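For reference, the chains in residue letters:
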Protein chains: 2
Amino acid sequence: QAQPVSSYAWNQELTKLCQQRHFIMEDDSGYGPLGTELKNNLAELWWRSVVSLREQVFGISTLHQQRPTAAATSTPIGLIDKNALHTILHDSQLNKKEMAKSIESLLHNQIGLRTSLLQGALEHYVPSLALLNRKLPFGLAEMGTCYRPIHAEEPNGKVKTGESFMASLVWFSSPQTSAQWLEYWLRHRMLWWRKFAVSPSDFSSSELQNADGNREVRIQYNFSGGTETLETLCSLGDEVLVSRCVGSKAKLQCREGRKSVIPHVLSISSCLDTGVRTYLHNSFQEMGSVHTKRRLLQRKVLKLHPSLTPVKVALDMGRGPSNELRQVCEGLLQELQEQAISVWPGYLETASISMEQQLIRYDEMGVLFTILVNDVTLENGIAQLRNRDTSIREMMHISEISSFLTKYITAARRM
Amino acid sequence: QAQPVSSYAWNQELTKLCQQRHFIMEDDSGYGPLGTELKNNLAELWWRSVVSLREQVFGISTLHQQRPTAAATSTPIGLIDKNALHTILHDSQLNKKEMAKSIESLLHNQIGLRTSLLQGALEHYVPSLALLNRKLPFGLAEMGTCYRPIHAEEPNGKVKTGESFMASLVWFSSPQTSAQWLEYWLRHRMLWWRKFAVSPSDFSSSELQNADGNREVRIQYNFSGGTETLETLCSLGDEVLVSRCVGSKAKLQCREGRKSVIPHVLSISSCLDTGVRTYLHNSFQEMGSVHTKRRLLQRKVLKLHPSLTPVKVALDMGRGPSNELRQVCEGLLQELQEQAISVWPGYLETASISMEQQLIRYDEMGVLFTILVNDVTLENGIAQLRNRDTSIREMMHISEISSFLTKYITAARRM
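Before going into details, it helps to say that this report is about the structure given with it. (Residues numbered from 1 in each chain as written. Chains lettered and ligands numbered in written order. Predicted model: local features only at pLDDT ≥ 70, side-chain atom pairs only at ≥ 80, totals over all residues. Heavy atoms only, no water.)

## A few points about unusual backbone geometry
Here is step 1: Residue Pro 137 of chain A follows Leu 136 of chain A across a cis peptide bond; omega there is -10°.
Here is step 2: Here Pro 137 of chain A lies in the loop between helix H5 (118–129) and strand S5 (138–147).
Here is step 3: Residues other than glycine seldom take positive phi values, yet Arg 134 of chain A does so here, at roughly 60°.
Here is step 4: By relative accessible area, which is 31% here, Arg 134 of chain A ends up partly exposed.
Here is step 5: Despite not being glycine, Ser 391 of chain B has its phi angle at roughly 65°, a positive value.
Here is step 6: For Ser 391 of chain B, a relative accessible area of 23% gives the class partly exposed. (Helix = DSSP H or I, 4+ residues; strand = E, 2+ residues; numbered from the N terminus. Buried < 20%, exposed > 50% of the residue type's maximum accessible area, 1.4 Å probe, protein only.)

Spelled out as structure tokens, the structure:
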């Protein structure tokens, strides 16, 4: 069996593979089909771990557009009606001062695009209190796109887009317990990131004190080229609530046991785009070469976690009467899809490439299992099931495959 | 049992209920916890029906920011660096012409926010061909926020945000089959919308020929106040592909059987925000009054489809030793959550309201079942299970509840 070869300078190799296998678009403008599925799986796992499995966390959904409050820093990116702007710029009747004034009023009361999900959660704080009977601790969670300033074109002609897909939990607890909650969430979140990794030791955390004297802890991933922040946990005190409160502060109060308190705020913010790149990097392995009949092929594998990997099963047919085999494949495909197992219908492909080449391609796509149906299957119902991580091929009756895969994937999620 | 009373003028009633029960925020700025869950459920059902269960549809994920192509109409909303704009507007050295020029160059090569998901899919067209071996038909699907122009403040002080959460399928087929595919998808999509409705007859379709002579069909919902478009199916020919193609058109070609063709494009675009409001409206029923010990209460029910409704089960405790009952509830909660059934932990609530009032509240939240655990449960394991739609209370052993609910919800999804 092939062994890992090198772990140096594979960023370029990895980028090429991710583009070729439809994870990432060549010009970096979003995700291809496999990347989209990977991102969706990661988002779903995050939501399940932070929201669905907890009674005290509520999901919310706020606008991308934001009005700055007295407390919040103004958003750096403004939205502007381009047609209206052009009309002003080409209005010969206006003098310079009038033009400047018209343009400023066009900036729509300073509405801009959100740079984080924190402000949205703080706006939902008071309305949420009725729902949970003012009982601490609780959290408000949201996932969505945030925007950083757009920089001018870089020398290579690329534009930095400044978009990132974020997941945020804003946690409200009594002042006495806020430090403990920071520790709790840091431990919990670190375990979560590591759970889906092939080499968990590439994840680390580092603490700093930010400008406002608040504690801030970062969960980081060590890419070959350097370290990047995946997630920030920031203790914010009660300032962010108090400073945006108009009128009596009584409406901010919650109950912790018998006491009434204004809670402290902990902001936990993850960048799921960085998460996707992290797991692609972490799961990428270059194995030794594979001899096929025709030539020597380099084997590269994306050993993505079973819960993350976009395609769980590829379904291919070998030798035998193609109409009958296709029917077997279609039946199996439907059975697997009903179990919410994503299937790659390799049997539909008409290009004639060898099964060895097909497997090399599936390994690069991170496909967990490959099912091969052939004339033996028609005789006795036995198909071949090949495991991505072990390269071992087992024989299994096709009536057992669906429940085997469901159990395998469920077990991996629980581990 | 209570009967429906009136179906007139309940928009105001419904709005009030949706705000009070945390579906929609009071200032219309997004969704509360229940609305977020409802929107997520709707999005998941759309994705499953259009992408996961089809071999020929691939999910993609494109940027919110868009550069207009030669073919595409320029996006009406521009993004602007507000700090840089202010610097220009307050630069006394510039004359009017220079100021106008600086501002125009600040508009970053016309980058703006997307108004639909169509352009993104067209950009993914050529890169996707390698994935599916140029075989027709196929589709590219995406969900995400789109932006329409922001209008100035309305008289009532509200700002129209122009954000909507869209789901899009762009379908590529041979020119010969494109008209049939429009019929196929119209039928399929109409069935899908109606599947989750209490009164399916409120959905209708209307056809028109748009400005370019293309066929356009709209799926509409009849709100009490008027009809709104939920989804648009638009036949676009091959123009949208050809006009944006630079260089040889050979790279656009696909195979249908043995022929090489440039496919025709069908764009199917749904507004899921309108979808959420549609199902809230469609499921809302005012029933007769309910007598409780203290007073007469009006019963309002959101009869949301089991697959859509944000909370499937509420878990409450009745008479009995509260520590023991709480333990029973916690065990059941965990069991249900592992089955991915969303639970409302009513037993955690300390406010003392009667079970009648609690049930009225749950009906307004669209909670499908209410489980009541009490001292009888401690004796023989039997709990009470109350159905939202029938108001019938059955007795069931707690060990059977989880599998009963799973079957109930799965069966409803398949219907």
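## With respect to the sheet that holds strand S15 (residues 313–317) of chain B
Residue and element names in this part refer to chain B.
Here is step 1: In space, the 5 strands of this open sheet follow the order S16-S15-S17-S18-S19, with mixed pairing throughout. Two strands bound the open sheet, and with one partner strand each, they are strand S16 (343–344) and strand S19 (393–397).
Here is step 2: In the sheet, strand S17 (residues 369–373) pairs with strand S18 (residues 382–387) via 4 bridges, with the strands oriented antiparallel. The residue bridging Leu 372 from the neighbouring strand is Gln 384, located in S18.
Here is step 3: The strands touched by helix H12 (residues 398–414) are S15, S17, S18 and S19; relative to S19, the strand with the most contacts, the crossing angle is about 120°. (Pairing = 2+ DSSP bridges. Contact = heavy atoms within 4.5 Å. Axes fitted to C-alpha atoms, helices over the stretch in contact; angles between N-to-C directions.)

## Notes on the packing of helix H2 (residues 33–52) of chain A against helix H6 (residues 178–195) of chain A
Residues and elements named next belong to chain A.
Here is step 1: The N-to-C vectors of H2 and H6 enclose an angle of 150°; their axes lie 12 Å apart at closest approach. One finds that H2 runs roughly antiparallel with respect to H6. Considering the relative orientation of H2 and H6, their crossing is right-handed. Listed contacts from H6 to Leu 42, Leu 45, Trp 46, Ser 49 and Val 50 of H2 are His 188, Arg 189 and Trp 192.
Here is step 2: Considering only residue class, the contact of H2 with H6 consists of 5 nonpolar, 2 polar and 1 charged. (Parallel < 35°, antiparallel > 145°, perpendicular 65-115°, else oblique. Left-handed = near helix turned anticlockwise from the far one by under 90°. Nonpolar A, V, L, I, M, F, W, Y, C, P; charged D, E, K, R; others polar.)

## Digging into the interface of chain A and chain B
Here is step 1: Each side of the interface is counted separately: chain A has 83 residues, and chain B has 82 residues.
Here is step 2: When residues of chain A are sorted by the area they lose upon contact with chain B, Lys 82, Lys 96 and Leu 131 of chain A head the list and together hold 10% of the total.
Here is step 3: At the surface where chain A touches chain B, the tally comes to 0 salt bridges.
Here is step 4: The interface formed by chain A and chain B includes 25 residue pairs in polar contact (both at pLDDT 80 or more).
Here is step 5: At 9 residues, H2 of chain A tops the list of elements feeding residues into the side of chain A that touches chain B.
Here is step 6: Taken together, the residues that form the side of chain A that touches chain B break down as 34 nonpolar, 29 polar and 20 charged.
Here is step 7: Pairing analysis gives 5 bridges linking strand S3 (residues 77–81) of chain A to strand S3 (residues 77–81) of chain B, with the strands arranged antiparallel. Along S3 of chain B, the bridge assignment pairs Leu 79 of chain A with Leu 79 of chain B. (Buried area = accessible area lost by both parts, 1.4 Å probe. Salt bridge = Lys/Arg side-chain N within 4 Å of Asp/Glu carboxyl O. Polar contact = N/O pair within 3.5 Å; in protein donor to acceptor, adjacent residues only side chain to side chain.)

## Some words on the packing of aromatic side chains
Here is step 1: Taken as a whole and judged by the stated rule, the model has 38 aromatic pairs over all chains.
Here is step 2: Ring centres 5.1 Å apart and planes at 80° place the aromatic pair Trp 181 of chain B and Tyr 184 of chain B in the edge-to-face group. Taken together, the residues span about one helical turn, with Trp 181 of chain B and Tyr 184 of chain B both in helix H6 (residues 178–195) at a distance of 3 residues.
Here is step 3: Pairing Phe 203 of chain B with Tyr 279 of chain B gives two aromatic rings, centres 6.2 Å apart and planes at 40°, and the pair type is tilted. Of this pair, Phe 203 of chain B sits in strand S7 (residues 203–209) while Tyr 279 of chain B sits in helix H8 (residues 272–283), placing them 76 residues apart in sequence.
Here is step 4: Take Tyr 279 of chain B: its relative accessible area is 2%, and that puts it in the buried class.
Here is step 5: What links up through ring pairs into an aromatic cluster is the set Trp 192, Trp 193, Phe 196, Phe 203, Tyr 221, Phe 223 and Tyr 279 of chain A.
Here is step 6: Across from the ring centre of Phe 165 of chain A, 5.0 Å away, lies the NZ or CZ of Lys 39 of chain A, which sits over that ring. (Phe/Tyr/Trp six-rings, centres within 6.5 Å; stacked < 30°, edge-to-face > 60°. Lys NZ or Arg CZ within 6 Å of the ring centre and 35° of its normal.)

## Notes on the relation of the copies chain A and chain B
Here is step 1: With an RMSD of 0.1 Å, the fit of chain A onto chain B corresponds to turning through 180° and sliding 0.0 Å along the axis. As the rotation angle and translation indicate, the two copies are arranged about a two-fold axis. (Least-squares fit on C-alpha atoms with pLDDT ≥ 70 in both.)

## Here's the deal with a negative patch on the surface
Here is step 1: Side chains of Glu 26, Asp 27 and Asp 28 of chain A together with Glu 123 of chain B sit close together on the surface and give a patch of like negative charge.
Here is step 2: Structurally, Asp 27 of chain A is set in the loop between helix H1 (11–20) and H2. (Patch = residues over 30% accessible without salt bridge, like charges linked within 9 Å, V, L, I, M, F, W, Y side chains within 5 Å. Areas by Shrake-Rupley, 256 points an atom, 1.4 Å probe, with all protein chains shown as cover. Lys, Arg positive; Asp, Glu negative; His and termini not counted. Charge placed at Lys NZ, Arg CZ, Asp CG, Glu CD.)

## Structural notes on the nonpolar core
Here is step 1: Among the nonpolar cores identified, the biggest contains 78 residues, and Phe 138 and Phe 172 of chain A together with Phe 23, Tyr 279, Leu 280 and Trp 344 of chain B are the most heavily contacted of them.
Here is step 2: Looking at this core element by element, the count peaks at 9 residues for helix H2 (residues 33–52) of chain B. (Core = buried A, V, L, I, M, F, W, Y, C linked by side-chain atoms within 4.5 Å.)

## A closer look at the environment of Gly 226 of chain A
Residues and elements named next belong to chain A.
Here is step 1: One can find Gly 226 in strand S9 (residues 226–237).
Here is step 2: Gly 226 gets classed as partly exposed once you look at its relative accessible area, which sits at 30%.
Here is step 3: Considered as a pair, Gly 226 and Met 190 are 36 residues apart in the sequence and their alpha carbons are 19 Å apart.

## Details of the pairing of S7 of chain B
Residues and elements named next belong to chain B.
Here is step 1: The pairing of S7 with strand S8 (residues 215–223) spans 7 bridges and is antiparallel. Residue pairing in the sheet places Gln 209 in a bridge with Arg 215 of S8.
Here is step 2: Linking two consecutive strands that pair antiparallel, namely S7 and S8, is a turn of 5 residues; a positive phi of about 80° is found at Gly 213 within it.

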